[in-house]
Structures are given as structure tokens and as C-alpha cells.
Amino acid sequence: MLVIADLLSMIPGMGSQMKNVDIDDSAMDRIEAIIYSMTPEERANPNILNPSRKKRIANGAGVKLQDVNQLCKQFEQTRKMMKQMNGMTGKGGRRRGGFNMGGMKLPF
């Protein structure tokens, strides 16, 4: 059975960093429940999540409102990090790494 840590270790440059990291699979289940409790529109555009929508999502996922807020914050931080990585260039203006995540949306 492939676990999240094994999957993350397959990402280039992450293998050595993932050796001592313990990933809580139950946390992934909570994240999945939160995302599935969102409408397709909310997944496509997380910026429309207002407090009442977040409360509905938390109730639908069976989690606390804090968990939904934390996921939204982590998603936004990841989006900013990916945007910074996308802008990295090496010698001669060529891309040195990073990913083209353009209009990043929540999965599912």
C-alpha cells in the first residue's frame, strides 16, 4: 500500500527531505472530507468562501470551522509558494525549475 510519505518522496528534490517526516493519514481524510463538502464552484474559486460557506462546509465535513480556515490558509500559502517557484529563472533567462500552476484550483 502506497502511503502519502512514499508519494511525496517521489517528487524530485523531496526524497531526502521526506525521510524523517511522519504524515498523518487521518489528516488527509479530513482534508478530503472538507474538499468534497465544497461545491464545484467553491473548489474552482476558493476566494468566494465567506464565513457562512465555511460554516456549511465544516458542518458537511464533520470538522471544526478552524479546520476549514486552516486548510484555506495552507492552500493560499501553497499557491503563493508555487507562484514564486514559477518565477524562478536561471542563467540566460531559462526556467531553472518550478512548476506552471497558472490558475491553481482545489483538487477533486
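All values reported here derive from a predicted model rather than from experimental measurement.

Peer 1: Residues and numbers for helix H5 (residues 65-86), please.
Peer 2: Taking 1.5 Å of rise per residue, 22 residues should cover 32 Å, and H5 covers 32 Å from first to last C-alpha, within 8% of that figure. Where H5 is concerned, the buried positions are Val-68, Leu-71, Cys-72, Phe-75, Arg-79 and Met-82. Axial view of H5: buried residues confined to an arc of 100 degrees, hence all on one face. Facing away from the buried side of H5 by more than 90 degrees, the exposed set consists of Gln-66, Lys-73, Lys-80 and Gln-84. Buried residues along H5 sit in contact with helix H2 (25-36) and helix H4 (51-61).

Peer 1: Break down the side chain of Ser-37 for me, with residues and values.
Peer 2: By the element assignment, Ser-37 lies in the loop between H2 and helix H3 (40-44). Under the relative-accessibility criterion, Ser-37 is labelled buried at 17%. Polar side-chain contacts of Ser-37 include one of 3.2 Å to the backbone nitrogen of Ala-61. Apart from residues no more than four positions distant in its own chain, Ser-37 is found in contact with Arg-56, Ile-57, Gly-60 and Ala-61.

Peer 1: Quick one: what's the story with a negative patch on the surface, residue by residue and with numbers?
Peer 2: Taken together, Asp-24, Asp-25, Asp-29 and Glu-32 make up a surface patch of like negative charges. Relative to the helices and strands, Glu-32 resides in helix H2.

What counts as what
Per chain, residue numbering runs from 1 following the sequence as it is written. In keeping with the model being predicted, local features are shown solely for residues with a pLDDT of at least 70 and side-chain atom pairs are shown and tallied solely at 80 or more, while totals for entire chains, interfaces and linings include all residues. In computing side-chain properties, one takes all heavy atoms of the structure into account and sets aside hydrogens as well as water. Put simply, DSSP H or I for four residues or longer makes a helix, DSSP E for two residues or longer makes a strand, and each gets a number counted from the N terminus. Here, expected helix span is obtained from the residue count minus one, scaled by 1.5 Å. Burial classification: accessible surface area is computed with a 1.4 Å probe over protein chains only, and a residue below 20% of its type maximum counts as buried, one above 50% as exposed, and the rest as partly exposed. When we speak of the arc, we mean the arc of directions from the helix axis to the C-beta atoms. For this analysis, residues touch if any pair of their heavy atoms sits within 4.5 Å. For the purposes of these results, a polar contact is taken to be a pair of N or O atoms within 3.5 Å, where, inside protein, one atom must be able to donate a hydrogen and its partner to accept one; residues adjacent in sequence count only when each atom of the pair is a side-chain atom. Candidates for patches are residues over 30% relative accessible area with no salt bridge; among them, like charges are joined within 9 Å and nonpolar side chains (Val, Leu, Ile, Met, Phe, Trp, Tyr) within 5 Å. Residue exposure ignores everything except the shown protein chains as possible cover, and the areas themselves are Shrake-Rupley values with a 1.4 Å probe. Criterion for a salt bridge: a side-chain nitrogen of Lys or Arg within 4 Å of a carboxyl oxygen of Asp or Glu. Residues scored as charged are limited to Lys and Arg (positive) and Asp and Glu (negative), so that His and the chain ends carry no count. Taken as the charge location is NZ of Lys, CZ of Arg, CG of Asp or CD of Glu.

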